[in-house]
Amino acid sequence: MTFSHTLSVSDRILKKLESCAAWVGAAALAGLLAVTLLEVFRRNVFGKPIHGLVDMIEWFLPFVALAGVSAAQAYGEHFRMEIIVKTLKGRWRWGVEALTSVGALFFVVIVAIYSVRAALKAWSVGYISADIEWPLWPPKLALAVVFILLSFRLLIQTAGFSRLVINPDSNREGLPDNLLTDVVVDTSP
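Since the structure is predicted, the reported quantities are computational estimates derived from the model, not experimental observations.

Peer 1: Mind showing me how you'd approach the packing of helix H4 (residues 90–125) against helix H5 (residues 137–166) here?
Peer 2: Between two packed helices, the angle of one axis relative to the other and the distance separating the axes together describe the packing. Look at H4 against H5: their axes get within 7 Å of each other, and the N-to-C directions meet at 160°. Relative to H5, the element H4 lies roughly antiparallel. Seen from above, H4 lies across H5 with left-handed handedness. Residue classes in the contact of H4 with H5 are distributed as 27 nonpolar, seven polar and three charged.

Peer 1: Looking at this structure, how should I read the pattern of salt bridges?
Peer 2: Oppositely charged side chains can pair when the atoms bearing their charge come close. Taken as a whole and judged by the stated rule, the model has five salt bridges. Close ionic contact of Asp-11 with Lys-15 constitutes a salt bridge, the shortest N to O distance being 3.9 Å. Taken as a pair, Asp-11 and Lys-15 lie in helix H1 (residues 3–46) at a separation of four residues, close to a single helical turn. For the residue pair Asp-11 and Lys-15, the accessibility class agrees, reading buried in each case. For Arg-93, the salt bridge is made with Glu-97, and the minimal N-O distance between the two is 3.6 Å. Here the residue Arg-93 and the residue Glu-97 both occupy positions in helix H4, the gap between them amounting to four residues, near one helical turn. One salt-bridge network, held together by shared partners, links Asp-11, Lys-15, Glu-18 and Arg-153.

Peer 1: Even after reading the chapter, I still don't get helix H2 (residues 53–66), so can you show me in this structure?
Peer 2: An α-helix turns once every 3.6 residues. As a result, residues three or four positions apart point the same way. Taking 1.5 Å per residue, 14 residues should reach 20 Å; H2 reaches 20 Å between its end C-alpha atoms and fits that length. The sharpest bend along H2 comes to roughly 40°, located at Phe-60, with the proline Pro-62 sitting one to four residues further on. Where H2 is concerned, the buried positions are Leu-53, Asp-55, Met-56, Trp-59, Pro-62 and Phe-63. For H2, the secondary structure elements touched by its buried residues are H1 and H5.

Peer 1: How should I be thinking about the side chain of Arg-163 in this particular structure?
Peer 2: Structurally, Arg-163 can be placed in helix H5. Comment: no salt bridge for buried Arg-163; closest opposite-charge side chain is Glu-173, at 6.6 Å. Residue contacts for Arg-163: discarding those within four places in its chain leaves Phe-3, Ser-4, Leu-7, Ser-170, Asn-171, Arg-172 and Glu-173.

Peer 1: What should I look at first to understand the packing of aromatic side chains in this one?
Peer 2: Each aromatic ring pair is specified by the distance between its two centres and by the angle formed by the two planes. The final tally for this structure, using the stated rule, is six aromatic pairs. Here the aromatic rings of Phe-41 and Phe-46 are separated by 5.9 Å at their centres, their planes lie at 85°, and the arrangement is edge-to-face. Judged by its relative accessible area of 44%, Phe-41 falls in the partly exposed class. Since its relative accessible area comes to 55%, Phe-46 is described here as exposed. Considering the side-chain rings of Trp-59 and Phe-60, the 5.3 Å spacing of their centres and the 70° angle between planes classify their relative orientation as edge-to-face. The buried category is assigned to Trp-59, whose relative accessible area is 16%. A relative accessible area of 26% places Phe-60 in the partly exposed class. Through successive ring pairs, a cluster of aromatic residues spans Trp-59, Phe-60, Phe-63 and Trp-134.

Peer 1: What should I look at first to understand the environment of Ala-119 in this one?
Peer 2: Relative to the elements of secondary structure, Ala-119 occurs in helix H4. Ala-119 sits 42 residues away from Phe-161 along the chain, and the two C-alpha atoms are 33 Å apart. Setting aside chain neighbours within four positions, we find Ala-119 in contact with Trp-137, Lys-140 and Leu-141.

Peer 1: I keep staring at a nonpolar patch on the surface and nothing clicks. Help me out?
Peer 2: Taken together, the side chains of Val-116, Leu-120, Trp-123, Trp-137, Leu-141, Val-145, Ile-148, Phe-152 and Leu-155 define a hydrophobic patch exposed on the protein surface, amounting to about 830 Å² of accessible area. Within the residue set of the nonpolar patch, elements represented by two or more residues are H4 and H5. The element that contributes the greatest number of residues to the nonpolar patch is H5, accounting for six residues. Secondary-structure assignment places Leu-141 in helix H5. On the basis of relative accessible area, Leu-141 is assigned to the partly exposed category, the value being 38%.

Reading the values: the criteria
Residues numbered from 1 in each chain as written. Predicted model: local features only at pLDDT ≥ 70, side-chain atom pairs only at ≥ 80, totals over all residues. Heavy atoms only, no water. Axes fitted to C-alpha atoms, helices over the stretch in contact; angles between N-to-C directions. Helix = DSSP H or I, 4+ residues; strand = E, 2+ residues; numbered from the N terminus. Parallel < 35°, antiparallel > 145°, perpendicular 65-115°, else oblique. Left-handed = near helix turned anticlockwise from the far one by under 90°. Nonpolar A, V, L, I, M, F, W, Y, C, P; charged D, E, K, R; others polar. Salt bridge = Lys/Arg side-chain N within 4 Å of Asp/Glu carboxyl O. Buried < 20%, exposed > 50% of the residue type's maximum accessible area, 1.4 Å probe, protein only. Expected span 1.5 Å × (residues − 1). Bend = angle between axes of the 7 residues up to and from the residue. Contact = heavy atoms within 4.5 Å. Lys, Arg positive; Asp, Glu negative; His and termini not counted. Phe/Tyr/Trp six-rings, centres within 6.5 Å; stacked < 30°, edge-to-face > 60°. Patch = residues over 30% accessible without salt bridge, like charges linked within 9 Å, V, L, I, M, F, W, Y side chains within 5 Å. Areas by Shrake-Rupley, 256 points an atom, 1.4 Å probe, with all protein chains shown as cover.

As structure tokens, then:
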């Protein structure tokens, strides 16, 4: 099994996991919007707010806010500064892309480690929300899972960019999808 094949298979598997995470985030958003709409209706019509709405928002918000981050990274639909990077060609561009991916990977791995620690602590201590007493470890664990997925995505992209630094003519496995179409192959050093 070649490195390129391993990278391709890993990329496809991770894209499926990222897609599932994005759907979970979308479902959490739909649920949160429905509960908020119900809250507005109950408060205005009956004068009775939903007990624990803030706790529900606290519980669902990590799913909503971050579930699609890794998928956005995979498709290249995330926000990034491209003013300098787009002016670079060939190995220089791939080198800068690899370095920025390594920097992001370093940061995300640290956040993932601390997110796992926070989830384990919340589970072992039994943290619960204030009003409705829901356990707080699931949203903390959701953050950890999202950052672990993003770590794997950045690792795959770093490997893809690094391979292009070594051989700019190699295939584009592991790169963000938007870089597969908008980059003209330039083999200059």
